[in-house]
Amino acid sequence: MRFDGWIAGVGTASGTRIVLGHWPGSPFGPFSDLTVEEADGHRLLLAPSRETADFVAGTYLFDEVRVVPVRVRITGRRHWTVSAPPLDLRFSTGRRALPGLALRAVPGRVATSPGWLALWDRPARLLLGAGTHGGVRSGRHQWYGARDLHPVVSATVAREGRDLGALAPVEPPVRFGSGSTPRRPSLVRITTQVAVARDGSSA
């Protein structure tokens, strides 16, 4: 199963870490979801439908799953506004630096191939704090083919109107699955592939 879109990861001074998945192309049609790990380790999924919630929760690990409207608005390509009750997220990105330029230089077919991603898994974990593939829940295996990267330069996160603090690194790494997002808050253009058997368990 192939998902084309963007993943944004941000941390906050309060210790809450948020990962946005924005998928214009997916087997479920366009959708977005938010995964949240709080300072105490509680992992929350906010997804827009029961179908997408079941798939994401069947792939990653969560302590709580909620089906809520997840709305994303992008202004001028750099400014993102996300609403997913009880969370509101706003962030802006800067110009791509060397990592983004390097990712864009790799042809798309190569960047998403399992062999290439297996080769770069360890360097990516050491340099960015994010792996390129790994086993996930229910025996599924996932590959993350990054195609571009922009730093997140500003962000505000509120839960039920309460500010969660200034932008901070995504530390400690989130514990939803085998990988995380870069330590430095970032927006990554990505193609994610999940191997799922016909019975929905593995491939």
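Residues numbered from 1 in each chain as written. Predicted model: local features only at pLDDT ≥ 70, side-chain atom pairs only at ≥ 80, totals over all residues. Heavy atoms only, no water.

Visitor: Please set out helix 1 (residues 50-59) residue by residue, giving values where relevant.
Guide: The buried fraction of helix 1 amounts to 7 of the 10 residues, a majority that puts the element mostly inside the structure. Of all the residues in helix 1, the buried ones are T52, A53, F55, V56, A57, G58 and T59. Contacts from the buried residues of helix 1 go to strand 1 (2-12), strand 3 (31-37), strand 4 (43-47), strand 5 (64-67), strand 10 (141-159) and strand 13 (186-195). (Buried < 20%, exposed > 50% of the residue type's maximum accessible area, 1.4 Å probe, protein only. Helix = DSSP H or I, 4+ residues; strand = E, 2+ residues; numbered from the N terminus. Contact = heavy atoms within 4.5 Å.)

Visitor: Just give me the short version of the environment of V82, but keep the residues and values in it.
Guide: Looking at where V82 falls in the secondary structure, it is placed in strand 7 (residues 79-84). Looking at V82, the relative accessible area reads 1%, which means it is buried. The spatial distance from the C-alpha of V82 to the C-alpha of L34 is 9.1 Å, given a sequence separation of 48 residues. Setting aside residues up to four positions removed in sequence, V82 forms contacts with L20, L34, R71, V72, L87, D88 and L89.

Visitor: Can you tell me about the pattern of salt bridges, naming the residues and giving the values?
Guide: Across all of its chains, the model carries 8 salt bridges by this definition. For D4, the salt bridge goes to R2, with nearest N and O atoms at 3.4 Å. For R2, a relative accessible area of 43% puts it in the partly exposed group. Linking R43 and D63 is a salt bridge whose minimum nitrogen-to-oxygen distance equals 3.3 Å. Placement of the pair is R43 in strand 4 and D63 in the loop between helix 1 and strand 5, with a sequence separation of 20 residues. Salt bridges sharing partners connect three or more residues here, namely R17, E37 and R175. (Salt bridge = Lys/Arg side-chain N within 4 Å of Asp/Glu carboxyl O.)

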